[in-house]
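# Report on the structure
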Amino acid sequence: MNQELGHRLRDGRFPAPSEVQKTGVLIVGGGVSGLSAAWQLARSGRDDFLVLEMESEFGGNSRAGLSPLVAYPWGAHYLPLPGRESVHVRELLSELGVLQGDPAAPKPIYDERYLCATPQERVYRNGLWDEGLLPQRGIDAGERAQQRRFHERMDALKQARGRDGRRLFAIPMALSSRDPEWLALDRISFARWLSDNGFTAPTLRWLADYACRDDYGMACDQVSAWAGLHYFACRNGESANASGDTVLTAPEGNAWLVRGLARKAGGRILTGALVWRIEEGKSAVSVDVLMGEKSVRFIAQQVIWAAPVFVLPRVWPAIPGDLKAAALAGDYAPWLTANLHLSAMPEERYGAPAAWDNVFYDSPGLGYVTATHQLIRRRPGGTVLTYYRALHELAPADGRRLLMETPREAWAEGILAELEQVHPDIRQLTTRLDVFRNGHAMRRPVPGSLFSGQREKLAGFQSARLTLAHADLSGFSLFEEAQYRGILAAGRVLQPQVAR
Ligand SMILES: Cc1cc2nc3c(=O)[nH]c(=O)nc-3n(C[C@H](O)[C@H](O)[C@H](O)COP(=O)(O)OP(=O)(O)OC[C@H]3O[C@@H](n4cnc5c(N)ncnc54)[C@H](O)[C@@H]3O)c2cc1C
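Residues numbered from 1 in each chain as written. Predicted model: local features only at pLDDT ≥ 70, side-chain atom pairs only at ≥ 80, totals over all residues.

## A short note on the site of the ligand
The environment of the ligand is made up of 40 residues, and the closest members are Gly29, Gly31, Gly60, Asn61 and Ala76. Within the residue set of the shell around the ligand, elements represented by two or more residues are helix 2 (32-43), strand 12 (273-280), strand 15 (332-342), strand 19 (430-443) and helix 16 (479-494). Within the shell around the ligand, the residues separate by chemical class into 23 nonpolar, 15 polar and two charged. Viewed by domain, the shell around the ligand spans two of them, domain 1 (3-62 + 252-329 + 446-499) and domain 3 (332-443), each represented by three or more residues. (Near = placed C-beta within 6 Å. Helix = DSSP H or I, 4+ residues; strand = E, 2+ residues; numbered from the N terminus. Nonpolar A, V, L, I, M, F, W, Y, C, P; charged D, E, K, R; others polar. Domains from an automatic or database assignment.)

This is the structure in structure tokens:
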């Protein structure tokens, strides 16, 4: 969240509304969840809604930047191939022409421009690049056997069902089994589950840690075992023209998906619109919004809150106590991303060729993705590298403090020093380096956060005129989760009597 606007919300000093507007449905938040709610309302024939986004651009964590050379992500950058249960993801991809043919087909064909070109990923370890994500070079037979056993176990978990007949780990997560034996995994850490199951090999532990840092912004000893296993076992998408582990991506990361969602909303997205007060009345909801220097009061029949849930108590003074407690029960992982604009492709170390996702084994940052990787037919001379770092080694509040108090120049120097290890000429080639600090980037799935009642309270909440969307309702942040929550919220608005 924009730091200045965020602090303004906390301080609560806003001009009194000088104008009133009316609308049917007001969607607060123009990220994936809010735009998905808009997409679903529009698909259902509604045109009496507005999306309010406080930033100058919509997209939230899936926004992108644009250079004269290429577009590049600021946050989300890939979507794994959707399985058959990710119905809405497939419908969106079909609408955008990226999934070709029947969206319900077991193995759809995808537009090759969005299938990540090979090599998809590589990892830098002990001075060399290794193909893929799990290092193979210099490990002994015992470690190799353990890696194999881990993959077999995850493949088995992908198929496994609970006593209620549902897949143990589905995506969206709400479709997963509610078998208490498996939900109990939410009470221990993923690191503990790995140890209990004899997964101790260093490269395997690194992979688990990397996965948790990458998707949740936390180390695997901080993550709920249910969430850790969900990462490895939820995805079962297949394709007729790509292997199952291929991801869909574009130079601008997931911003093309956001644009696709927004297209249906037409001109009904207002940016630069910060919601600062909500009051639910008997016949309507009154929503005060800062737009430029003035405030506008919107009178809406229904409100979908698709912004992070921790913001809600700040803007809704009459929020029910148990909802407030649930909203404030979780914390958020702070993240740093940086975009480095390079005048040429950097010098390479040995081992494996440049990939789309270039991961560091033993480094503060996770690595970087290359924006020009998909431009196979017209690779420009330069490129943009998007560097990712979760501040998982600190408590979230300390991470946020470090993020905000460290000057941009110090972050830039640290990033260049880190990247210099793998690309010695990075300093000479970097023509611009932009840093983005995201203090509340994603809700943290710590042990106990998914199935002990608080998250479910958020997911199930609906008052007469207010309902929630946002990936926070899933307890962790992914495109599929944000989209699902938006669509569910739209469904409640469309059929309030059924949902209640
Ligand atoms: C660094 C990073 C990398 C990621 N990579 C991936 C990835 O590769 N793949 C993937 O699937 N997911 C990824 N994610 C997760 C990503 O968060 C989700 O995919 C998705 O974008 C979340 O959408 P959302 O709508 O739930 O939330 P948000 O993106 O948080 O959207 C909420 C919106 O509400 C707005 N808002 C907040 N308060 C107000 C207010 N008071 N008034 C008006 N507007 C308000 C915000 O500005 C924001 O635009 C990544 C996240 C981060 C941080």
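## Examining the domain arrangement of the protein
Many analyses report the size of an interface as the accessible area lost when the parts associate. When the domains of the protein are assigned, the result is domain 1 (3-62 + 252-329 + 446-499), domain 2 (143-245) and domain 3 (332-443). Each residue belonging to the side of domain 1 that touches domain 2 can be placed in one class, and the counts come to six nonpolar, three polar and two charged.

## What to know about helix 8 (residues 225-233)
With eight of nine residues buried, helix 8 lies mostly within the body of the structure. Those residues of helix 8 that are buried lie in contact with helix 4 (141-159), helix 5 (180-183), helix 6 (190-196) and helix 7 (202-216). (Buried ≥ 20, exposed ≤ 12 C-beta atoms within 10 Å, placed from the backbone. Contact = placed C-beta atoms within 7 Å.)

## Side note on the nonpolar core
In this structure, Leu26, Ile27, Val28, Ala37, Val303, Ile304 and Trp305 are the most contacted members of the largest nonpolar core, which totals 145 residues. Counting residues per element, this core draws most heavily on helix 16, which supplies eight residues. For Leu26, the contacting residues outside a window of four places in its chain are Leu50, Leu52, Val287, Phe298, Ala300 and Val303. (Core = buried A, V, L, I, M, F, W, Y, C linked by C-beta atoms within 7 Å.)

## Topic: the sheet that holds strand 9 (residues 128-131)
Taken together, seven strands build an open sheet; the order of strands is 9-8-16-17-18-15-19 and the sheet is mixed. Each edge of the open sheet carries a strand with a single partner, namely strand 9 and strand 19. Going from strand to strand, the sheet's axes swing by 20° on average, the running direction of each strand aside. Here strand 17 (residues 367-370) pairs with strand 18 (residues 383-390) via four bridges, running antiparallel. Opposite Gly367, over in strand 18, you have Tyr388 as the bridge partner. Contacting strand 15 and strand 19, helix 12 (residues 396-405) runs over the sheet at an angle of about 30° to strand 15. Across the sheet, helix 13 (residues 408-420) lies against strand 15, strand 18 and strand 19, angled at about 105° from strand 19, the strand it touches most. (Pairing = 2+ DSSP bridges. Axes fitted to C-alpha atoms, helices over the stretch in contact; angles between N-to-C directions.)

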